[in-house]
Amino acid sequence: MSTASVPADPAGRIAHASAEGTVTDRLVEANQRYASAFTDPGMDARPVLNVAVVACMDARLDLHDALGLELGDCHTIRNAGGVVTDDVIRSLTISQRALGTRSVVLIHHTGCGLLSLTEDFRHELEDEVGQRPAWAVEAFRDVDQDVRQSMARVRTSPFLLHREDVRGFVFDVKTGLLREIDPA
């Protein structure tokens with residue numbers, strides 16, 4: 001399959017899988033096109049704006065466009081819900097201590113899938129596969145309160161050097177606007 005045969009929509013995005021190959025095949029071919037025109041931007045791993053953004057993995061959030069960011073501006077850490085977990089603290093600690101970030105921006109969003117899940121999800125997985133996941137679902141009922149909890153987790157982590165500039169937001173998936181959450 002040549003790179004020219006990778007189906008794309010009018011915006012140039014990869015089309016869904018078909019008889020011509022899997023989505024992963026299409027992604028690899030898109031990477032070949034990307035690499036053929038790629039030039040090393042001469043950057044290092046330190047983000048230009050010294051900021052780390054923690055956000056939900058939801059496919060509707062285009063963080064770079066929504067925040068006016070360019071390649072190299074920030075570290076982006078994404079997971080289900082944008083929840084500050086131990087692994088997020090791990091990534092933020094490396095981001096701050098090894099790569100110079102000083103600010104943390106937390107972004108949850110409206111219509112998040114974690115609003116409809118519970119810890120029962122773990123029990124269902126255990127029943128299905130015979131082993132309980134070691135991780136918590138971190139589901140929540142109130143997105144604003146979960147942003148506050150995530151801000152508190154960052155602000156109280158002994159591993160982080162910079163806990164003063166931590167701000168949390170809810171991204172509205174219908175309007176594209178951020179709404180800042182008061183940490184109190």
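These figures come from a predicted structure and were not determined experimentally. (Residues numbered from 1 in each chain as written. Predicted model: local features only at pLDDT ≥ 70, side-chain atom pairs only at ≥ 80, totals over all residues. Heavy atoms only, no water.)

### Examining the sheet that holds strand E3 (residues 103-109)
Step number 1: What the five strands build is an open sheet, ordered E2-E1-E3-E4-E5; its pairing is mixed. At either margin of the open sheet sits one strand with a lone partner, and together these are strand E2 (74-79) and strand E5 (178-181). Strand-to-strand, the axes of this sheet are offset by a mean angle of 25°, without reference to chain direction.
Step number 2: In terms of strand pairing, strand E1 (residues 51-56) meets E3 through five bridges, oriented parallel. The residue bridging Val53 from the neighbouring strand is Val105, located in E3.
Step number 3: Strands in contact with helix H3 (residues 86-97) are E1, E2 and E3; relative to E2, the strand with the most contacts, it is inclined by about 175°. (Pairing = 2+ DSSP bridges. Helix = DSSP H or I, 4+ residues; strand = E, 2+ residues; numbered from the N terminus. Axes fitted to C-alpha atoms, helices over the stretch in contact; angles between N-to-C directions. Contact = heavy atoms within 4.5 Å.)

### Remarks on the pairing of E1
Step number 1: E1 sits mainly inside the fold: six of its six residues count as buried.
Step number 2: In this sheet, E2 lies alongside E1 in parallel orientation, the contact comprising six bridges. The partner of Ala55 across the bridge, within E2, is Arg78. (Buried < 20%, exposed > 50% of the residue type's maximum accessible area, 1.4 Å probe, protein only.)

### Examining a nonpolar patch on the surface
Step number 1: A surface patch of nonpolar side chains, amounting to about 270 Å² of accessible area, comprises Leu117, Phe121 and Trp135.
Step number 2: The class of Leu117 is partly exposed, set by a relative accessible area of 32%. (Patch = residues over 30% accessible without salt bridge, like charges linked within 9 Å, V, L, I, M, F, W, Y side chains within 5 Å. Areas by Shrake-Rupley, 256 points an atom, 1.4 Å probe, with all protein chains shown as cover. Salt bridge = Lys/Arg side-chain N within 4 Å of Asp/Glu carboxyl O.)

### Concerning the packing of aromatic side chains
Step number 1: If you walk through the whole model with that rule in mind, you get one aromatic pair.
Step number 2: The interplanar angle of 45° and the centroid separation of 5.4 Å between the aromatic rings of Tyr34 and Phe38 together place this pair among those described as tilted. (Phe/Tyr/Trp six-rings, centres within 6.5 Å; stacked < 30°, edge-to-face > 60°.)

### Points about the side chain of Asp146
Step number 1: Residue placement: Asp146 occurs in helix H5 (residues 143-156).
Step number 2: Of the buried charged residues, Asp146 lacks a salt bridge, with Arg153 as the closest side chain of opposite charge at 6.2 Å.
Step number 3: Not counting residues within four places of it along the chain, the set of residues in contact with Asp146 comprises Val83, His108 and Phe140. (Lys, Arg positive; Asp, Glu negative; His and termini not counted.)

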